[in-house]
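The residues making up each chain are set out below.
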Amino acid sequence: MTKDNAVSVATLAQLMPMHLWLADSGRVLSVGPTLDKVVPDLDQGLEGRLSGARGGVDPVAEITSAVDHNRRLFLRVSCGADLVLRGHGVRVDAGTMLCNLGFGIGIHRAIRKAGLTDGDFAPSELAMELLFLHEANRGVLTELSRFNDQLAQSRRVALLQAQTDPLTGLSNRRGLEMALAMALRSAGDAPDVKPVPFALVHLDLDHFKQVNDILGHKAGDDLLQAVGAVLRSQVRKADTAARIGGDEFVLILSGMTSAAALNELAGRIIAAIRALTPPGLGQLRVSASLGVIICTDKPADSPEILLAQADEALYESKRKGRGCATIRQ
Amino acid sequence: MNGLINRAIEEFLRSTYGEELLQSVADESAVAAGLSSPLWVDFGPAALNRAAFRLAKPSSEMFEDLGAWMTRIEPIRRLLRFSGRDFRDFLLRLDELPGRAHLVVPTLKVPRLEVDATDQTVRLVMGDPDQDWQFVLAGLIRGMADDYGALCLITVEEGAIRVDIWDEQFAEGRMFCLQGSTLQGPAVQA
């Protein structure tokens, strides 16, 4: 290398585009072309352009120490981006040191800073593979998270559908059971949480069978849909309205404990449902019978028992002549 | 990860031929698979064959177009450009393709390739001959020749693809810089 410097520097540059060759004094003998792009004017001297990245600040002292102790070399690029070069160095002859540097994980910053291209890296380096892997991973991850979002979305839709009555858009029996379990939990379970009382309403249409028999099932379905709309309009957002089968509906009314208010609500619902009576039923009027139970802080009862109690109240309304509500504390 | 391939096929059909064709292919696949709803259809290679049949195109052309389409999707194009500094280098290093695919998606099966290069001709010999892959690859090479600005003749032979390079710098290739844009779309975009 010392015999014919001109040739060796050129071949060195070709072989090791990130090399730095310097005299012990710090005088720079040769800088690889890629290193020159990343740290411009490095051949003018290391001072102010590089510094030790692990404690020592004087770059030449840092390099000398690393070479003499056979340690890894870490050098911070002074201007601009937060860039640390790493590498190692050897003595090639008395009084000079040859270092080969690389970017490590900071390669993206180096590329951005110096606008590096494929040609700036030695073929033996894994720079291109690292960049490839980085972008490929990002692409695959983006796709995977898209898959995930889609799955989560489908799951939400499926859950909602599983709890919805397709005819009326109200909850179905499964939805009601979940809502009732929730209401019971907030009414009793946690001792430190103030229980939220609620009213459970069981509603059954009067003379629905005749609508089906006389006017056909289409008229029956239309009526059920209209009743669904009435119930939806009469409950608040925090309440639940469900159709649990045939012409049976259930409401869970959160915080409703006033018998007077419930009576009034029942009256509004019955009036609205009477108004839905389709023409062609003769003397018959469609109406509704309601059984209401008020669940305050006590309920140790299971959902099934509560529903059975509401059902009992409903049958009392039927016995009383239909088209009315029975409310039990 | 068949999902990635299926999604590429789906997006290719959608962006090239529109939602209507995609829907009819999905319906047909659902019927063939005995499913009640086309919601659950996967757009596998069979979907490409169905689409080709509907469009009265040879299947091979369909697979080739898919390969060429992939090179126009920026993130995929970038990955391919990382694999070679010029068109010839890209061809010579195509034998790395299975390894690269494996690095990213270990379950993705990409057929082995052997590169056999003479002066102006590069032959890519398929390790396990697979017609579909062969045409996808031919399309991919066609797209990347455009990308690098090279003029070449691509011939699909028995179990191999032959590329005769006439002029490596025939046209100005598309821009490529290592750092890319910070805002990158998904791996496949409509």
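Calculation notes
- In every chain, residue numbers begin from 1 and rise along the written sequence.
- Ligands are numbered from 1 and chains lettered from A, in the order in which they are written.
- With pLDDT at 70 or above as the cut-off, local features in this predicted model cover only qualifying residues; side-chain atom pairs require 80 or more to be listed or tallied, and sums for whole chains, interfaces and linings still use all residues.
- As a rule here, side-chain values come from all non-hydrogen atoms in the structure, and water together with hydrogens is ignored.
- Source of the domain bounds: an automatic or database domain assignment.
- Inter-axis angles, ranging from 0 to 180 degrees, are taken between N-to-C directions of lines fitted to C-alpha atoms, where helices are fitted over the stretch in contact.
- Secondary structure is summarised from DSSP: a helix means a run of H or I of at least four residues, a strand means a run of E of at least two, and numbering begins at the N terminus for each.
- An angle counts as roughly parallel when it lies under 35 degrees, as roughly antiparallel when it exceeds 145, as roughly perpendicular when it falls between 65 and 115, and as oblique in every other case.
- What makes a crossing left-handed is the near helix being turned counterclockwise from the far one by less than a right angle; a clockwise turn instead makes it right-handed.
- Whether two residues are in contact is decided by their heavy atoms, any of which lying within 4.5 Å being enough.
- Following the grouping adopted for this structure description, the nonpolar residues are Ala, Val, Leu, Ile, Met, Phe, Trp, Tyr, Cys and Pro, the charged ones are Asp, Glu, Lys and Arg, and the polar ones are all others, Gly among them.
- Only protein chains enter the accessibility calculation, which uses a 1.4 Å probe. A residue is then buried if its area is under 20% of the maximum for its type, exposed if over 50%, and partly exposed in between.
- Note on terms: buried area is the combined drop in 1.4 Å-probe accessible area of two parts once they are placed together, counting the loss on both.
- Basic side-chain nitrogens of Lys or Arg form a salt bridge, by our definition, when they fall within 4 Å of a carboxyl oxygen of Asp or Glu.
- Pairs of N or O atoms are called polar contacts if they sit within 3.5 Å, as long as, within protein, a hydrogen donor faces a hydrogen acceptor (for residues adjacent in sequence, only side-chain-to-side-chain pairs).
- The reported arc concerns the directions from the helix axis to the C-beta atoms and nothing else.
- Patches here are clusters of residues that have more than 30% relative accessible area and form no salt bridge, with a 9 Å joining cutoff for like charges and a 5 Å cutoff for nonpolar side chains (Val, Leu, Ile, Met, Phe, Trp, Tyr).
- Accessible surface is estimated by sampling points in the Shrake-Rupley manner with a 1.4 Å probe; for residues, cover comes only from the protein chains shown.
- A pair of strands is considered paired only if DSSP assigns at least 2 bridges between the two.

**Details of the domain arrangement of chain A**
- Under the domain assignment used here, chain A contains domain 1 (5-125) and domain 2 (173-328).
- The distance between the C-alpha centroids of domain 1 of chain A and domain 2 of chain A comes to 82 Å.

**Describing the packing of helix α5 (residues 127-162) of chain A against helix α7 (residues 97-104) of chain B**
- The contact between α5(A) and α7(B) brings their axes to 9 Å, and the two run at 55°. Relative to α7(B), the element α5(A) lies oblique. Considering the relative orientation of α5(A) and α7(B), their crossing is right-handed. In contact with Glu129(A), Phe132(A), Leu133(A), Ala136(A), Asn137(A) and Val140(A) of α5(A), α7(B) contributes Arg100(B), Leu103(B) and Val104(B).
- A class-by-class count of the residues in the contact of α5(A) with α7(B) yields six nonpolar, one polar and two charged.

**Quick look at unusual backbone geometry**
Residue and element names in this part refer to chain A.
- A positive phi is found at Asp-41, a non-glycine position, where the angle reads about 60°.
- Examined against the element boundaries, Asp-41 turns out to sit in the loop between α2 (33-38) and β3 (50-52).
- The partly exposed category is assigned to Asp-41, whose relative accessible area is 44%.

**Thoughts on the interface of chain A and chain B**
- Residue-level contacts link 23 residues of chain A with 20 residues of chain B.
- Carbon and sulfur atoms make up 65% of the area that chain A and chain B hide from each other, which totals about 2100 Å².
- When residues of chain A are sorted by the area they lose upon contact with chain B, Phe132(A), Glu135(A) and Glu143(A) head the list and together hold 30% of the total.
- At the surface where chain A touches chain B, the tally comes to five salt bridges.
- For Glu135(A), the salt bridge is made with Arg78(B), and the minimal N-O distance between the two is 2.7 Å.
- Viewed at the interface, chain B and chain A are joined by two residue pairs in polar contact (both at pLDDT 80 or more).
- Listed by contribution, the elements that provide at least two residues to the side of chain A that touches chain B are α4 (107-114) and α5 of chain A.
- Here the side of chain A that touches chain B takes 16 residues from α5(A), the largest share from any one element.

**Details of α7(B)**
- Every buried residue belonging to α7(B) is among Leu97(B), Pro98(B), Arg100(B), Ala101(B) and Val104(B), and all of these are buried. Buried residues along α7(B) cover an arc of 165° about the axis, so they all sit on one side.
- Along its buried surface, α7(B) packs onto α5 of chain A together with α8 (131-148) of chain B.

**Details of a nonpolar patch on the surface**
- Nonpolar side chains collect at one region of the surface, where Leu151(B), Leu153(B), Trp166(B) and Phe170(B) lie side by side and expose about 440 Å² of accessible area between them.
- Along the chain, Leu151(B) turns up in strand β3 (residues 151-157).

**Digging into the sheet that holds strand β6 (residues 96-102) of chain A**
Residues and elements named next belong to chain A.
- Here we have six strands laid out as an open sheet, ordered β2-β1-β6-β5-β4-β3, and antiparallel in their pairing. Two strands bound the open sheet, and with one partner strand each, they are β2 (28-31) and β3. Taking the axes of each pair of neighbouring strands and ignoring which way they run, one obtains an average angle of 30° across the sheet.
- Across three bridges, the pairing between strand β1 (residues 19-23) and β2 is antiparallel. For Leu-20, the partnering residue across the bridge sits in β2 and is Val-31.
- Packing against the sheet, helix α3 (residues 59-68) makes contact with β1, β3, β4 (73-77), β5 (83-93) and β6, and its axis sits at approximately 160° to β4.

**Notes on the environment of Leu50(A)**
Residues and elements named next belong to chain A.
- Here Leu-50 lies in strand β3.
- Along the primary structure Leu-50 and Ala-110 are separated by 60 residues, whereas in three dimensions their C-alpha atoms are 14 Å apart.
- Those residues within four positions of Leu-50 in sequence are excluded, and the remaining contacts are Leu-20, Val-39, Leu-42, Pro-59, Leu-75, Arg-76, Val-77, Ser-78 and Leu-85.

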